[in-house]
Protein chains: 4
Amino acid sequence: MGSIRTDLAIEAQEMYKEKNSVEEIPGTEVKEYRDGAMKVTHVKILDNDGELAMGKPKGDYITIDMPIIVHYDNDSKEEVSRVLSRAMKPLIKLDESMTALVVGLGNWNITPDAIGPKVVSQIMITRHLKQLVPDSIDEEIRPVCAIAPGVLGLTGMETGEVIRGIIEKTKPDLVICVDALASRKTERVNRTIQVSNTGISPGAGVGNKRMELSERTLGIPVLAIGVPTVVDAATLANDTIDLVLEDLIKNATEGSEFYKMLKEMESSDKEQLMKEVLDPKVGDLMVTPKDVDMIIDSVSKIIAGGINISLQPSLSLEDINNFIN
Amino acid sequence: MGSIRTDLAIEAQEMYKEKNSVEEIPGTEVKEYRDGAMKVTHVKILDNDGELAMGKPKGDYITIDMPIIVHYDNDSKEEVSRVLSRAMKPLIKLDESMTALVVGLGNWNITPDAIGPKVVSQIMITRHLKQLVPDSIDEEIRPVCAIAPGVLGLTGMETGEVIRGIIEKTKPDLVICVDALASRKTERVNRTIQVSNTGISPGAGVGNKRMELSERTLGIPVLAIGVPTVVDAATLANDTIDLVLEDLIKNATEGSEFYKMLKEMESSDKEQLMKEVLDPKVGDLMVTPKDVDMIIDSVSKIIAGGINISLQPSLSLEDINNFIN
Amino acid sequence: MGSIRTDLAIEAQEMYKEKNSVEEIPGTEVKEYRDGAMKVTHVKILDNDGELAMGKPKGDYITIDMPIIVHYDNDSKEEVSRVLSRAMKPLIKLDESMTALVVGLGNWNITPDAIGPKVVSQIMITRHLKQLVPDSIDEEIRPVCAIAPGVLGLTGMETGEVIRGIIEKTKPDLVICVDALASRKTERVNRTIQVSNTGISPGAGVGNKRMELSERTLGIPVLAIGVPTVVDAATLANDTIDLVLEDLIKNATEGSEFYKMLKEMESSDKEQLMKEVLDPKVGDLMVTPKDVDMIIDSVSKIIAGGINISLQPSLSLEDINNFIN
Amino acid sequence: MGSIRTDLAIEAQEMYKEKNSVEEIPGTEVKEYRDGAMKVTHVKILDNDGELAMGKPKGDYITIDMPIIVHYDNDSKEEVSRVLSRAMKPLIKLDESMTALVVGLGNWNITPDAIGPKVVSQIMITRHLKQLVPDSIDEEIRPVCAIAPGVLGLTGMETGEVIRGIIEKTKPDLVICVDALASRKTERVNRTIQVSNTGISPGAGVGNKRMELSERTLGIPVLAIGVPTVVDAATLANDTIDLVLEDLIKNATEGSEFYKMLKEMESSDKEQLMKEVLDPKVGDLMVTPKDVDMIIDSVSKIIAGGINISLQPSLSLEDINNFIN
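The structure displayed is predicted, hence computed values, not measured ones. (Residues numbered from 1 in each chain as written. Chains lettered and ligands numbered in written order. Predicted model: local features only at pLDDT ≥ 70, side-chain atom pairs only at ≥ 80, totals over all residues. Heavy atoms only, no water.)

Moving on: the relation of the copies chain D and chain C. When chain D is fitted to chain C, the residual RMSD is 0.0 Å, and the transformation amounts to a turn of 180 degrees plus an axial shift of 0.0 Å. Here the copies are linked by what is in effect a two-fold axis. Looking at the rotation axis and the C-alpha trace of chain D, the residue lying nearest is glycine 165 of chain D, at 2.0 Å. Counting the interface residues of chain D, we find that 100% of their copies in chain C are interface residues as well, pointing to one common contact surface. (Least-squares fit on C-alpha atoms with pLDDT ≥ 70 in both. Contact = heavy atoms within 4.5 Å.)

Quick look at the structure:
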């Protein structure tokens, strides 16, 4: 994978194929299908070879591609929520009585990192009602609790420590983590949802989350839902130069000095170049859409809807929304 | 104490004295002094008699009265922060290396209940720096972490469960809890800060926090800082009728039917009356100042300042504020 | 009306009837009807006698009573929006091509005074599209513009000055003003919508708006929509004492000194008494529900929905909501 | 200037010099000096030649460069406010009794475009006090009013219409406009303040403001204060390719095919190329720092401070801040 990282399995496989000029990835299975208007891609990393090739742990990664228009249409949001809930199904086995803990990762002070906390605020919270006033609530409603613990810089505590402590006291059967991710490509920003059963790996997204949240570290199944919400300015710079070089190559005479020089620029050389020319200036810059606040609200609503539908199969989305309100 | 409750020891003693027409309270010591422009009252509950009389656990309760004007003057806010830090001193014994966890109780969605979360966002967070990049930070700086866990209705988890779980993993030496309190009197709203070493008792404030946070339940010292930010509409109604009855009594002929009738209205009768006439209408109404958002910001800044000064005695308030910023 | 004022015509008539122990009010017509689950009251002040009796200018005042439950159910909100749009119909004559200016009065920094600004943010704004890119928008869509000018204390300018200046430049055919009102009774808070064609009178609501916005001062028809969102703490105190006095009277022997004394307490005496006992303490206190933020959001959504339906009869509410989003 | 535009005179002159490989610009005078830790550049466009060369109207453009560190230090913010107030002095002639209107341009829903509205909320508003309760306020205090009218897409009205209407009614003697600007260079973002007496030209910043606000259109002096808060993603892409091409040129043999090809890429060709490769992807993307919310707060505080000091020379900044609070 080199030094350029992506949180998206779908990008990892694209990058592997491109770098190695192959069509198949060892130890990996990829299935594509449509669910309504959405394209869904299921990447399965089967073994060590797959882990090595993809730079990601064994398990399932399901990606939903949504057209940007969904953020401007309420019915489309509901449709994506339903697609998401169907995509979650093969990844979690849920008895009716199992308690779920939804964890919203990320920093609520940084808009594109706030998806996790925003989702948590729209989850249908029922665990306390089931415990304290069970008669007030239908039997088939699942106990659900949720927390947005904040990031290391705001709390002084590793998110992993906090969540492990809470799990030991409250004993949920399942954790669903929601986080903002980093993407390599501007065209994926706010248009891709990834669901996986492999936990959340460290170092992702806008902020810094350092301790893995996974079945291995927490002892219960962990479902991770993520959406890329920014591209690093450095990544954009890199993509730009790639595209321009490709264009120059197309226009160059094959075999010429120019052609060879351009062809010889390895990804790592380019990155080094990027660093030289951009680092002092670009610092901690990120690329986001101008209407980022509105779009992050939309993404959060979609994901919360998907989680609520999954966790409360006996209720309609309308009932859920009235409850939350 | 009857059915009317107060979170403030200073009110509990007033109510005891009034009800029993005495000047001294058994098992209780009260000292008043001035610190600059502020009146400070130190109520010490010494034994079981004191606990019974006051309806509060044994320990120290220090109350700072501040003029409402402090919320409109930045220098005054700093002065109250300093008075608060001096009031905290006799209640916590702090070695330099001890780690403190600041817990902001209350619901960030309800302005007058949001003091805890707002204070947390202004605490100087250093624990992660001391652990991860110790060279980046002066040796005499204390490790501090903080969290605002949210309320039961938002998380589905008892705050006590959450905080105990976090403490077991992160092992702080001291907890400082900050919360909005309920007062009996509109004149105390946002003008009184209470510091105590007895933990936070259940059922206080605007929201509902049900599990005691105290040295007994958490195993480490707990300092509680609270400010009354609302009066229940029902309490205001009750106060009103009291004042009017007093006025009527003054104007009535002593010994007359009227005089006797008024004198005979016991506190509990009146409360029953209040319930009859008000309950269906007043429901969950609260009384707040019109500029409640601004005032809650001011109160939070004052308390955060006091905590920061206490926890980082080697730093000036200016250094602290630049760090937080 | 004496010194106790109300913004609601429906309360003004109740107070007149009570004070004068009559069933009919001179120069006034009152009709009640149901529209779905809502009770609608149409008060018509016909002449000078009516103006004098009611303390309000000649014209129509339509009041919608909604159960508090509507704020917790999205479908109910839509239903009230539709009832509101039907109540507006007799009060505005709207040619298709007429341009409407929606004015959101009140202070966005004070939650219960923020209804006007919150409504403005949810109005379907089309005037600029009709002017600049007419091909992008259906012909039957009405040009609508909107502004929340802020209050005197925030801008240093009378709202009336600001709005008159804007109207002279932008030449709308109609103004719709939205504002938070004051009510006498806690049971009406956030449960009553008043629509009138008489403009907005000075001094209403939580903040201070001093210059009348009406057809007389602005030269074009003015529709005012208001919702009581707070009760003054002083008003609550007054109501309380009234209810208690009534209760005492019931229990007193008719003809006794006590009975006479209670009966003799005139409304104005009581108010004076209120002032004496409460003023120094109650200051600028208001009574609101604890979940005031959520409820103000709901009220704003309902009113914006009603205005949008009225102004864009060719569109469904769903289309409108997608447009706004 | 070609098709790449900048709001900053300091960038316009850099671009002119670079493009024309000259050191002097016709009809333009440039002076640099230091004020404390800040570099100040005063660009004077003297005549038509200067206007043509710079693509900006005749007048004064004063630029303050601040180190990024000021946003993390309260004292530094105050220092920049003072430098700003000194930079404003030569551009406005202010009798003591003149009324100033501060206009905050931009869209409060888009963080990097919200500087104008955020500044307005921190201006010391006095006009209404001078008019309504003159005894409550010192004589030497200047009448100041302010408004953030919102953007075309939110109001449906041109900002120019709205402001002209308000000025005709409220008759201020001077307008100070505050706006977010666009910069060509990421290193200037949030580090440069430009003050000018030429009004605000259309099309600037993150949003779209289309009608010139200037002495010519408003009839009273207009001072414009702007800060670049974003760089277009397309601009970053363009800058990137420029830097890389420069690097490639350095490494190419002079006179070679490669060298010539690179040298021949005109700015406009490159821009066309950028459009081709980026447009479908980059759309409305912008580049901002990750802590944009905090930094925009800081920038707003600095500018509001500078304006307040300028307009109220008889008061200390501390008095002003207490007043605003």
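So, on to the side chain of serine 310 of chain B. Residues and elements named next belong to chain B. Within the secondary structure layout, serine 310 lies in helix α12 (residues 292-311). The exposure class of serine 310 is buried, given its relative accessible area of 13%. Those residues in contact with serine 310 that lie beyond four places of it in its chain are Ser85, Met88 and Leu94. (Helix = DSSP H or I, 4+ residues; strand = E, 2+ residues; numbered from the N terminus. Buried < 20%, exposed > 50% of the residue type's maximum accessible area, 1.4 Å probe, protein only.)

The next point concerns the interface of chain D and chain C. With 24 residues of chain D at the contact, the number on the chain C side is 24 residues. Taking both partners together, chain D and chain C bury about 2100 Å²; carbon and sulfur atoms supply 63% of that area. For chain D, the biggest contributors to the area lost against chain C are Met157, Glu161 and Lys169 of chain D; these three give 26% of the whole. Here chain D and chain C share 4 salt bridges between them. A salt bridge links lysine 169 of chain C to glutamate 168 of chain D; its shortest N-O distance comes to 2.7 Å. The interface formed by chain D and chain C includes 8 residue pairs in polar contact (both at pLDDT 80 or more). Here the side of chain D that touches chain C gets 8 residues from one element, more than from any other, and that element is helix α7 (residues 159-170) of chain D. The residue makeup of the side of chain D that touches chain C, split by class, is 12 nonpolar, 6 polar and 6 charged. (Buried area = accessible area lost by both parts, 1.4 Å probe. Salt bridge = Lys/Arg side-chain N within 4 Å of Asp/Glu carboxyl O. Polar contact = N/O pair within 3.5 Å; in protein donor to acceptor, adjacent residues only side chain to side chain. Nonpolar A, V, L, I, M, F, W, Y, C, P; charged D, E, K, R; others polar.)

Residues and elements named next belong to chain A. Domains assigned within chain A are domain 1 (9-234 + 285-324) and domain 2 (235-282). Domain 1 and domain 2 are separated by 35 Å when their C-alpha centres are compared. Broken down residue by residue, the surface that domain 1 buries against domain 2 is led by Arg184, Ala234 and Leu285, which jointly contribute 62%. Inspection of the region where domain 1 meets domain 2 yields 0 salt bridges. For the interface between domain 1 and domain 2, the tally reads 0 residue pairs in polar contact (both at pLDDT 80 or more). Listing elements by their share of the side of domain 1 that touches domain 2, those giving two or more residues are β8 (222-232), α9 (233-251) and β9 (285-289). Across the side of domain 1 that touches domain 2, the residue classes break down as 5 nonpolar, 2 polar and 3 charged. (Domains from an automatic or database assignment.)

Moving on, we come to helix α7 (residues 159-170) of chain A. Residues and elements named next belong to chain A. Taking 1.5 Å of rise per residue, the 12 residues of α7 would be expected to cover 16 Å, and the 16 Å separating its terminal C-alpha atoms lies within 8% of that figure. Summarising burial for α7: 9 of the 12 residues are buried, a large majority. Along α7, the positions that sit buried rather than exposed are Thr159, Gly160, Glu161, Val162, Ile163, Gly165, Ile166, Ile167 and Thr170. Note on α7: the residue one or two positions beyond its end, lysine 171, has a positive phi of about 50 degrees. (Expected span 1.5 Å × (residues − 1).)

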